Amino acid sequence: MDEEIFDVIVVGGGIAGLVSAYQLAKSGHEVVLIERGVEAGSKNLSGGVFYSRIMEEIFPDFLKEAPVERHITRNIISFLNQTSAVNIDYWDQRLADPINAVSVLRVKLDAWLSGKCEEAGVMIMPGVRVDSLLKEGDQYVGVKAGEDELRAKVIILADGVNSFLAQDEGIRPKQLPKYLAVGVKSVIGLPRKVIEDRFRVRGNEGVAYAIVGDCTKSVAGGGFLYTNSESISIGVVLQLESIEKKGLTSTVIFDQFLEHPAIAPLIADGELLEYGCHLTMEDGPAMVAQEVSRPGLLIVGDAAGFTVNTGLTIRGMDFAAGSALAVAKTIDNALKNKDFSQSAMNMYRMELDSHWVGQDMKTYKNAPAFFETSRLYGDYGQLLADIFYRIFHHDLTPRKRLTSVVLGAFKASSLKVTNLIRDAFFGLKSL
Amino acid sequence: MANFGSIVERLNGNIYHLDEEESHIEVNQEIAKKMGVGKLFVRICPAHVYSEETDGSIGVSYAACLECGTCLAVATPGSLKWHYPKGGCGIAFREG
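Here the structure is a predicted model, which is why all the values come from computation and not from measurement.

The rules we used
- Residues numbered from 1 in each chain as written.
- Chains lettered and ligands numbered in written order.
- Predicted model: local features only at pLDDT ≥ 70, side-chain atom pairs only at ≥ 80, totals over all residues.
- Heavy atoms only, no water.
- Helix = DSSP H or I, 4+ residues; strand = E, 2+ residues; numbered from the N terminus.
- Buried < 20%, exposed > 50% of the residue type's maximum accessible area, 1.4 Å probe, protein only.
- Contact = heavy atoms within 4.5 Å.
- Areas by Shrake-Rupley, 256 points an atom, 1.4 Å probe, with all protein chains shown as cover.
- Lys, Arg positive; Asp, Glu negative; His and termini not counted.
- Charge placed at Lys NZ, Arg CZ, Asp CG, Glu CD.
- UniProt positions renumbered as here; feature names shortened; annotations may be inferred.
- Polar contact = N/O pair within 3.5 Å; in protein donor to acceptor, adjacent residues only side chain to side chain.
- Salt bridge = Lys/Arg side-chain N within 4 Å of Asp/Glu carboxyl O.
- Pairing = 2+ DSSP bridges.
- Axes fitted to C-alpha atoms, helices over the stretch in contact; angles between N-to-C directions.
- Parallel < 35°, antiparallel > 145°, perpendicular 65-115°, else oblique.
- Nonpolar A, V, L, I, M, F, W, Y, C, P; charged D, E, K, R; others polar.
- Core = buried A, V, L, I, M, F, W, Y, C linked by side-chain atoms within 4.5 Å.

Caption draft 1: Structural detail: the overall build of chain B. A count of helices and strands for chain B gives four helices and six strands. In chain B, the order of α-helices and β-strands from amino to carboxyl end is α-β-β-α-α-β-β-α-β-β. A principal-axis box enclosing the C-alpha atoms of chain B has dimensions of 40 × 35 × 20 Å. Of all 96 residues assigned to chain B, the portion counted as buried reaches 53%. Partitioning the contacts of chain B with sequence separation of at least 6, the portion at a separation of at least 24 is 66%. For chain B, the exposed surface amounts to about 4,600 Å²; the carbon and sulfur share of it is 52%. For chain B, the distance from the average position of its 8 positive side-chain charges to the average position of its 12 negative side-chain charges is 8 Å.

Caption draft 2: Summary view of the UniProt feature "domain: ETF-QO/FixX C-terminal" (unreviewed entry) in chain B. UniProt records the feature "domain: ETF-QO/FixX C-terminal" (unreviewed entry) at residues 13–92 of chain B, using the numbering of this structure. Along residues 13–92 of chain B one finds 25% helix and 20% strand; the C-alpha atoms at either end are 11 Å apart.

Caption draft 3: The arrangement of the UniProt feature "domain: FixC-like C-terminal" (unreviewed entry) in chain A in detail. Taking the UniProt record as the reference, the feature "domain: FixC-like C-terminal" (unreviewed entry) is found at residues 368–430 of chain A. Between the end C-alpha atoms of residues 368–430 of chain A there is a gap of 8 Å, over a span that is 67% helix and 0% strand.

Caption draft 4: Spatial organisation of the side chain of aspartate 7 of chain A. Residue and element names in this part refer to chain A. Take aspartate 7: it is sitting in strand E1 (residues 5–11). A distance of 2.8 Å separates a polar side-chain atom of aspartate 7 from the backbone nitrogen of glutamate 30. Those residues in contact with aspartate 7 that lie beyond four places of it in its chain are His29, Glu30, Ala152, Lys153, Val154 and Leu335.

Caption draft 5: View of the interface of chain A and chain B. Contacts between chain A and chain B engage 50 residues on the former and 38 residues on the latter. At the surface where chain A touches chain B, the tally comes to four salt bridges. Glutamate 95 of chain B serves as the salt-bridge partner of lysine 108 of chain A, at 3.7 Å between the closest nitrogen and oxygen. Linking chain A with chain B are 28 residue pairs in polar contact (both at pLDDT 80 or more). The set of elements that each furnish at least two residues to the side of chain A that touches chain B consists of helix H4 (106–120), strand E11 (180–189), helix H7 (240–246), helix H8 (250–259), helix H9 (264–267) and strand E15 (271–281) of chain A. Element by element, the count of residues in the side of chain A that touches chain B is highest for E15 of chain A, at nine residues.

Caption draft 6: Here's a closer look at the pattern of salt bridges. For the structure shown, the criterion picks out 31 salt bridges over all chains. Ionic pairing is found between aspartate 214 of chain A and lysine 217 of chain A, a salt bridge with its closest N-O pair at 3.2 Å. A relative accessible area of 23% places lysine 217 of chain A in the partly exposed class. Connected through salt bridges with shared partners, the residues Arg36 and Lys43 of chain A together with Glu67 of chain B form a single ionic network.

Caption draft 7: Local environment of the UniProt feature "domain: FAD-binding" (unreviewed entry) in chain A. Feature annotation in UniProt places "domain: FAD-binding" (unreviewed entry) on residues 7–189 of chain A, given in this structure's numbering. Spanning residues 7–189 of chain A, this segment combines 23% helix with 38% strand, and its end C-alpha atoms are found 43 Å apart.

Caption draft 8: A look at the pairing of E11 of chain A. Residue and element names in this part refer to chain A. The buried fraction of E11 is high, at ten of ten residues. Where E11 meets strand E14 (residues 231–239), nine bridges bridge the pair, whose relative direction is antiparallel. Pairing of lysine 185 across the sheet is with glycine 235, part of E14.

Caption draft 9: Molecular detail of H8 of chain A. The element H8 of chain A is extensively covered by neighbouring structure, given that seven of its ten residues are classed as buried. Ser250, Thr251, Ile253, Phe254, Asp255, Phe257 and Leu258 of chain A are the residues of H8 of chain A that are buried.

Caption draft 10: Spatial organisation of the packing of helix H11 (residues 317–337) of chain A against helix H14 (residues 356–363) of chain A. Residues and elements named next belong to chain A. As a packed pair, H11 and H14 sit with axes 9 Å apart at the nearest point and diverge in direction by 130 degrees. In terms of orientation, H11 and H14 fall into the oblique class. Contacts from Asp318, Phe319, Gly322 and Ser323 in H11 reach Trp356, Val357, Asp360 and Met361 in H14. For the contact of H11 with H14, the residue count by class is four nonpolar, two polar and two charged.

Caption draft 11: Just the nonpolar core, in detail. Residue and element names in this part refer to chain A. Grouped together as the largest cluster of nonpolar side chains are 100 residues, with contacts concentrated most on Met55 and Ile155. At eleven residues, the largest contribution of residues to this core is made by H11. Those residues within four positions of isoleucine 155 in sequence are excluded, and the remaining contacts are Ile9, Val11, Leu133, Tyr140, Val141, Gly142, Val143, Gly296, Leu297 and Leu298. Counting 68 residues, the second-largest nonpolar core is a separate cluster that includes Val207, Val219, Leu238 and Met287.

This is the structure:
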């Protein structure tokens, strides 16, 4: 490659990388985006619900133009036990206007974003794996791919959850297994009409299931099911330390989830379109608290740990876009002032902290510790089912008042009052 | 219920651009055996890249890799060399 020095090199064509590149190109800077896949998106996989309001700030016609699948208006929280399920089914027309969340398939969405980047003047370089970073003194000045070197005033690492580049440089540590989780996912094709009937949705509306309990066989984590236009995204997310300790097999857990009597009918007669997996985060806040910048270098999206599981919602893509905006603003400022020092890069953290992107990370910083409670993945779901069973199972014995039913079910369970008080207190404080 | 076949059959429906020359995965058999981490790779990998051979060593079908990085995240130091396949190679998701 020649000696040209770009304004910005972005490593990685996911939402964080593409949005940063787009913003900076729109501001008139010379941006190159390097992607190791055959095209932006081809290595990317998400569960699939995108809290999309942030995208409308960047692309005002996002919902009209972008290849989104369905507008999520129904959220189902499901406590799954081996032979029972208790669901909270929340449908709300208000979620359709304004549209708040959409299901997406990343290969389609990221290809669209990549096109937007090219229109804005970003040079997209696919099929190139960045092997290392170039440094002069403390300053990061470029990237190395094979024998080729490419230089820029600022580098953005948007290389995803593994972010080997930051690890190799000693900027970020190897992440603990308890911070990470593996998502195993399948996309299952079903006709539009079947989806509408089966999930009771109309037109472009869709449903998102957050499932806890038997879907992970007591491993910390959960299951998900999202409707796309003509397919279902379904999967499990398994915290690595927990699956390691439990001695279970990821694919066995996944298959048992698909075969569960409460789940199997939802995907019946479907055609497997894709089987995939991806590493994700259980403790994004802990990872975001680590270093996210160096002179001439900024880390964005999953590479910096921007994912939050609140128990009811799992958010990553909106944080990717939000952190990208903060990075773009920081770099735009640095390029204008021709200052790429650490103090110029520190504006990124201030930008994050002044918006929901950084603030939500702080709000949910204790949530991951709460989700380590094993009672969440079995005992509580069973207790709920036991209470309902005692209510609906009329066996010709005299009925008891509801309070007695609840207390009876609680006493018969393996839960203790101290567990309940602790979990309720900790849960209320963390979530 | 929907039967999607074995994991291998499911992976066969994916698109891969195989790097014929070089595996991006290398297990240090000695360390893996000593630390017992090979069995963990076998259990945890959603693409069934790893298998336990009759002699106790760990087989690697790198062509099946979905590039999640889970094996490396749980690997004990020295037991596994794992990096992304070279540019343009490996899994190419169509849905994501």
